[in-house]
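Spelled out, the chains give:
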Amino acid sequence: MKKFLTIFFCFPFLLPTHLSNACTRVVYQGPNGNIITARSMDWKDEIPADIWLFPRGMNRNGAVGPNSVTWRSKYGSVVTSAFDISSTDGMNEKGLVANLLWLAESSYPEFDGKGKGLSIAAWVQFMLDNFATVTEAVDAMRYRDFEVVSANIPGTERLATLHLSISDTSGDNAIFEYVDGNMLIHHDRSYNVMTNSPVFDQQLALNAYWKSIGGLHMLPGTNRAADRFARASFYINAISQTDDMRISVASVFSVIRNCSVPFGISSEEEPNISSTRWRSVSDQKNLVYYFETVLTPNTFWVDISKVDFSEKSTVKKLSVSNHETYAGNTNKLFKTAKPFEFAGI
């Protein structure tokens, strides 16, 4: 097996006793087409991340051997990588946002190399490269001729298990999960929150209980995925409905921070509790990608409406893996770089 997700996002770190499966994703649906998606990346150990600008016209490979899915990128995108082996989070030039989160209950079909496959490390990029809307992506995944392929984390007997969320500029949402070897597609504008376990339909059922109580009276406050789901669901609907981007972006940041895990938190009794390492907020109306890490003092952003994504342009990278500190618009700070290779089998 080639290097496969040596360390990945929102999932166990190296050994089963070092579980790290806390992440949150939430979508704000404001007036006048103001759609904003935020996510937190939580991990027990440090997770080097870099931000990339990928142009149109890139030839891609699903990284699972001779029968890998291949494609040529239709849209340019900004993505955050983990260890420069996978795209974990990002937005394309049409405002489609994709996020990967851990789901322990995931179960993938057997991959024998005879059918077509796509490495789970490339799943986010496949979405961003090919689709402008959630409906397009849902149709493609419903009638796909390939399967998403995962494998054990090297040195363990634990499978890299994840589910994928996407949102678009209309506020539409979809969540893709592999359960019992089959892909389940949850597609509805109302699906604006996702965390980790349990599977999504059970998350909705748990959240219905908290809605009946009312968030102004009581909300669950632990770091458990179900509790973060309830808090995110309440707060994203409680903040101001406005098309003032300064206010709405600040409000969405406040929600995702509320659902984050304080830095340095760990528990011997509950090793799955893990610190938030970074957060992203995607302004899908204006195509601005905001980013912050817990070890740097500033929030910065990339205005992809002003990025040259033409086929003649180059891949560019902004390093944040060494705790570089940036402030404000970072468009001019990206440097030409060789694209990373997706981890595969």
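Owing to the predicted nature of the structure, the values given are computational and were not obtained by experimental measurement. (Residues numbered from 1 in each chain as written. Predicted model: local features only at pLDDT ≥ 70, side-chain atom pairs only at ≥ 80, totals over all residues. Heavy atoms only, no water.)

A. Fine view of the overall build of the chain. Tallying secondary structure elements over the chain gives five helices and 20 strands in all. Burial status across the chain gives 60% buried among its 345 residues. When contacts within the chain are restricted to residue pairs at least 6 apart in sequence, long-range pairs at least 24 apart make up 69% of them. For the chain, the exposed surface amounts to about 13800 Å²; the carbon and sulfur share of it is 50%. (Helix = DSSP H or I, 4+ residues; strand = E, 2+ residues; numbered from the N terminus. Buried < 20%, exposed > 50% of the residue type's maximum accessible area, 1.4 Å probe, protein only. Contact = heavy atoms within 4.5 Å. Areas by Shrake-Rupley, 256 points an atom, 1.4 Å probe, with all protein chains shown as cover.)

B. Spotlight on the packing of aromatic side chains. Scanning all chains against the criterion turns up 16 aromatic pairs. Between W123 and F176 the ring centres are 6.4 Å apart and the planes differ by 50°, which places this aromatic pair in the tilted class. Note that W123 is positioned in helix α1 (residues 123-130) and F176 in strand β12 (residues 173-179), a separation of 53 residues in sequence. Considered together, W123 and F176 belong to a single accessibility category, that of buried residues. Between F253 and Y290 the ring centres are 6.3 Å apart and the planes differ by 85°, which places this aromatic pair in the edge-to-face class. Placement of the pair is F253 in helix α5 (residues 245-258) and Y290 in strand β16 (residues 288-293), with a sequence separation of 37 residues. Across the pair, Y290 and F253 agree in class, each one buried. Pairwise contacts between aromatic rings join W52, F54, F340 and F342 into one cluster. (Phe/Tyr/Trp six-rings, centres within 6.5 Å; stacked < 30°, edge-to-face > 60°.)

C. Spatial organisation of empty space enclosed by the protein. Taken as a whole and assessed by the stated rule, the structure comprises two cavities of 30 Å³ or more. The space that makes up the largest cavity amounts to roughly 150 Å³. Mapped by element, the contributors of at least two residues to the lining of the largest cavity are β15 (276-283) and β16. Residues of the lining of the largest cavity, tallied by class, amount to eight nonpolar, three polar and two charged. (1 Å grid on protein atoms, 1.4 Å probe; cavity = no way out; pocket = protein on both sides within 12 Å on 5 of 7 lines; lining within 4 Å. Points joined across faces, edges and corners; volume = space filled by probe spheres on them. Nonpolar A, V, L, I, M, F, W, Y, C, P; charged D, E, K, R; others polar.)

D. A look at the nonpolar core. Core analysis: the biggest nonpolar cluster contains 47 residues, and V26, L53, I236, V252, V281 and I304 have the highest contact counts within it. The biggest single contributor to this core is α5, with six residues. Residues W52, F54, L100 and V124 belong to the second largest nonpolar core, which totals 40 residues. (Core = buried A, V, L, I, M, F, W, Y, C linked by side-chain atoms within 4.5 Å.)

E. Looking closely at the sheet that holds β12. Read from one edge to the other, the open sheet built from nine strands follows the order β13-β12-β11-β8-β7-β6-β3-β18-β20, with strand pairing classed as antiparallel. Single-partner strands in this sheet number two, and they are β13 (182-187) and β20 (335-336). Against the sheet, α1 contacts β3 (49-54), β6 (77-82), β7 (86-92), β8 (97-102), β11 (162-167), β12 and β13, and its axis sits at roughly 25° relative to β7. Set on the sheet, helix α2 (residues 134-142) makes contact with β11, β12 and β13; between it and β13 the angle comes to about 160°. (Pairing = 2+ DSSP bridges. Axes fitted to C-alpha atoms, helices over the stretch in contact; angles between N-to-C directions.)

F. Molecular detail of α2. Looking only at α2, the buried set comprises V134, A137, V138 and M141. The arc enclosing the buried residues of α2, seen along the axis, measures out at 100°, which places them on a common side. Next to the buried residues of α2 lie α1, β10 (146-149), β11, β12 and β13. (Arc of directions from axis to C-beta.)

G. Representation of the pattern of salt bridges in the model. Tallying each qualifying case throughout the model produces 13 salt bridges. With a closest N to O distance of 3.3 Å, D84 and K317 form a salt bridge. Of this pair, D84 sits in the loop between β6 and β7 while K317 sits in strand β18 (residues 316-319), and the two are 233 residues apart along the sequence. Note on D84: relative accessible area 21%, which makes it partly exposed. (Salt bridge = Lys/Arg side-chain N within 4 Å of Asp/Glu carboxyl O.)

H. Structural context of the side chain of R39. With respect to the secondary-structure elements, R39 resides in strand β2 (residues 35-42). Within the local environment of R39, its side chain forms a polar contact with the side chain of D89, the two groups lying 3.2 Å apart. (Polar contact = N/O pair within 3.5 Å; in protein donor to acceptor, adjacent residues only side chain to side chain.)

I. Just unusual backbone geometry, in detail. In this structure, N32 is a non-glycine residue whose phi angle is positive, near 55°. By the secondary structure assignment, N32 is in the loop between β1 (23-29) and β2. The backbone phi angle of H323 is positive, close to 60°, even though this residue is not glycine. Relative to the helices and strands, H323 is located in the loop between β18 and β19 (328-329). A relative accessible area of 35% places H323 in the partly exposed class.

J. Representation of the packing of α1 against α2. At a minimum axis distance of 10 Å, the contact between α1 and α2 shows a crossing angle of 125°. The orientation of α1 with respect to α2, classified from their angle, is oblique. Here α1 runs over α2; the crossing is right-handed. Only E136, A137 and M141 of α2 make contact with α1, whose side of the interface consists of W123, F126, M127 and N130. Its residues placed into classes, the contact of α1 with α2 shows five nonpolar, one polar and one charged. (Parallel < 35°, antiparallel > 145°, perpendicular 65-115°, else oblique. Left-handed = near helix turned anticlockwise from the far one by under 90°.)

K. Up close: the environment of V148. Note that V148 resides in strand β10. For the pair formed by V148 and F111, sequence separation is 37 residues and the distance between their alpha carbons is 8.9 Å. If we skip the residues at most four places from it in the chain, V148 touches Y108, L118, I120, W123 and Y178.

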